[in-house]
Amino acid sequence: MIRSMNSHTLTIDDTSVEKSGKLISNYFVLRTASGDNKIVINGGTIESTGSYALIGLAGSSIEINGGDIASTYYAVVGTGEGVNITMNDGSIQGNPVGLQVSDGAVFNMNGGEVDATKWGIIAFANTEVNMNGGIVNATDSSSIGISGNGSTSGDNEGTNAKLTLNAGTINSGNLGVYAPQVNGVTTLGEGITINAAKCGVEVRAGTLNVNGATISVPADAEYVFSPNGNGSTASGVAIAVSQHTTKQAISANVNSGNFTAPVVFGESNPQNNNEEDVAKVELSITGGTFNATNGDPIVSSEDVTGFITGGTYNKDLDEK
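Cut-off values and rules
Residues numbered from 1 in each chain as written. Predicted model: local features only at pLDDT ≥ 70, side-chain atom pairs only at ≥ 80, totals over all residues. Heavy atoms only, no water. Phe/Tyr/Trp six-rings, centres within 6.5 Å; stacked < 30°, edge-to-face > 60°. Helix = DSSP H or I, 4+ residues; strand = E, 2+ residues; numbered from the N terminus. Buried < 20%, exposed > 50% of the residue type's maximum accessible area, 1.4 Å probe, protein only. Salt bridge = Lys/Arg side-chain N within 4 Å of Asp/Glu carboxyl O. Core = buried A, V, L, I, M, F, W, Y, C linked by side-chain atoms within 4.5 Å. Contact = heavy atoms within 4.5 Å. 1 Å grid on protein atoms, 1.4 Å probe; cavity = no way out; pocket = protein on both sides within 12 Å on 5 of 7 lines; lining within 4 Å. Points joined across faces, edges and corners; volume = space filled by probe spheres on them. Nonpolar A, V, L, I, M, F, W, Y, C, P; charged D, E, K, R; others polar. Pairing = 2+ DSSP bridges.

Participant: Explanation requested: the packing of aromatic side chains in the structure shown.
Facilitator: Each aromatic ring pair is specified by the distance between its two centres and by the angle formed by the two planes. In this structure the tally under the stated criterion is seven aromatic pairs. Ring centres 5.8 Å apart and planes at 90 degrees place the aromatic pair Tyr-223 and Phe-225 in the edge-to-face group. Where Phe-290 meets Tyr-313, the ring centres are 4.6 Å apart and the plane angle is 20 degrees; that geometry is what we call stacked. Residue Phe-290 is located in strand β30 (residues 289-292), and its partner Tyr-313 is located in strand β32 (residues 312-313); the two are separated by 23 residues in the primary sequence. For the residue pair Phe-290 and Tyr-313, the accessibility class agrees, reading buried in each case. Members of the aromatic cluster, joined through ring pairs, are Tyr-52, Tyr-73 and Tyr-74.

See the structure below:
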């Protein structure tokens, strides 16, 4: 184990991590101390065979410019106010989690690749994930590319998490982006591409702004909403709105983008929340190109009407 302490910077490259270019541990390999400490990774291999590969604690920063970071558990974790992790290149590989931020940490992804079996990136309370490039792959049939957290209490609450996904590619064997966080804001920019086997993005609380994303779901994905108090509910839809058991307000705004799926936009109430709670769901579609691939409807909403004022559609819309 190596620690960076007392306002120091530890720099790793291909030749500085043993003769083989590797640091390997069966627990965590590298960890910053709390405070003004920094780890810069330019190359080499950092591998944990049993737990965390890289941990950033409060006030510290991690810069990843190259190399390979891998773990049979959580590959990279940032936790605490002031933690800033920036990825410009290289690879992060985790089983089940590639990267997790919690308790005020920030992750900026400008390039490189994050690969995971279950969750590519997880954002807990008061965190930010800013994606400006790179690739996130989540391979399992129940996986999520980038995920917030929907609980309202406990150590892993997701309140106020912000997911700002401006550019890059998210590939998932299940769900691309999951946004259940209370008071969370999820923004999809024009440079983001989501390829998901079942659902592109699902919002269950907070605000969703779609400003030009490209989202694709295969034509053979079954369109269905299934109740789930601890995870996603939707399949066969590019953009899904499904109020959580937390019964929080939702504002889903689609302003532009290109969307292809069996049903392109769907809103449902699989938890059977009461009428007063569901009234807190607000929808708006002002633009975008909508391509439904498996019959009608192209847009489906169980609880909200009169929210489409623009966009291009390959099939007729329901009058409501």
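Participant: Before we go on, may I ask you to explain the pattern of salt bridges in this structure?
Facilitator: With the rule as written, the count across this model stands at five salt bridges. For Lys-118, the salt bridge goes to Asp-140, with nearest N and O atoms at 3.4 Å. Placement of Lys-118 in the loop between β15 (113-116) and β16 (119-123) and of Asp-140 in the loop between β17 (128-138) and β18 (144-147) is noted, with a sequence separation of 22 residues between them. When its relative accessible area of 28% is taken as the criterion, Asp-140 is described as partly exposed. Two residues, Lys-247 and Asp-277, come together in a salt bridge whose shortest N-O distance is 3.9 Å. Of this pair, Lys-247 sits in the loop between β26 (237-242) and β27 (250-261) while Asp-277 sits in helix α1 (residues 275-278); the two residues are 30 residues apart in sequence, bridging distant segments of the chain.

Participant: Just to check I follow, could you spell out the nonpolar core for this structure?
Facilitator: As a rule of thumb, soluble globular proteins bury nonpolar side chains together. Leu-188, Ile-239 and Phe-265 are the most contacted members of the largest nonpolar core, which has 68 residues in total. When near neighbours in sequence (up to four residues on either side) are disregarded, Ile-239 contacts Val-201, Leu-208, Val-210, Ile-215, Val-254, Phe-259, Val-264, Phe-265 and Gly-266. Grouped together as the second largest cluster of nonpolar side chains are eight residues, Ile-144, Phe-225, Ala-234 and Val-237 included.

Participant: I'm lost on unusual backbone geometry in this one. Help?
Facilitator: Only a minority of non-glycine residues have a phi that is not negative, and only a minority of peptide bonds are not trans. Of note, the amide linkage connecting Asn-95 to Pro-96 takes the cis form, showing an omega dihedral of 20 degrees. Structurally, the position occupied by Pro-96 is in the loop between β12 (91-94) and β13 (97-102). With phi around 60 degrees, Asn-126 is a residue other than glycine that occupies positive phi space. Locating Asn-126 in the fold gives a position in the loop between β16 and β17. Even without being a glycine, Asn-160 presents a positive backbone phi close to 75 degrees. Positionally, Asn-160 belongs in the loop between β18 and β19 (162-172).

Participant: Looking at this structure, how should I read the layout of surface pockets?
Facilitator: To locate leftover empty space, one rolls a probe as large as a water molecule over the atoms. There is about 380 Å³ of room inside the largest pocket. Lining the largest pocket are 21 residues, and of these Trp-119, Ser-147, Gly-148, Asn-149 and Asn-230 sit closest to its centre. Breaking the lining of the largest pocket down by element, the ones donating at least two residues are β16 and β18. Of the residues assigned to the lining of the largest pocket, the class counts are seven nonpolar, 13 polar and one charged. Estimates place the volume of the second largest pocket at around 190 Å³. Forming the walls of the second largest pocket are 13 residues, and the residues nearest its centre are Val-299, Phe-307, Ile-308, Asp-318 and Lys-320. In terms of residue class, the lining of the second largest pocket is made up of six nonpolar, four polar and three charged.

Participant: Explain the pairing of strand β9 (residues 68-71) here, please?
Facilitator: Two faces, one strand: in a regular strand the side chains alternate between the faces of the sheet. One ladder, built from four bridges, connects strand β6 (residues 45-48) with β9; its direction is parallel. Pairing of Glu-47 across the sheet is with Ala-70, part of β9. With four bridges connecting them, β9 and β12 associate as parallel partners. Among the inter-strand pairings, Ser-71 is bridged to a residue of β12, identified as Gly-94.

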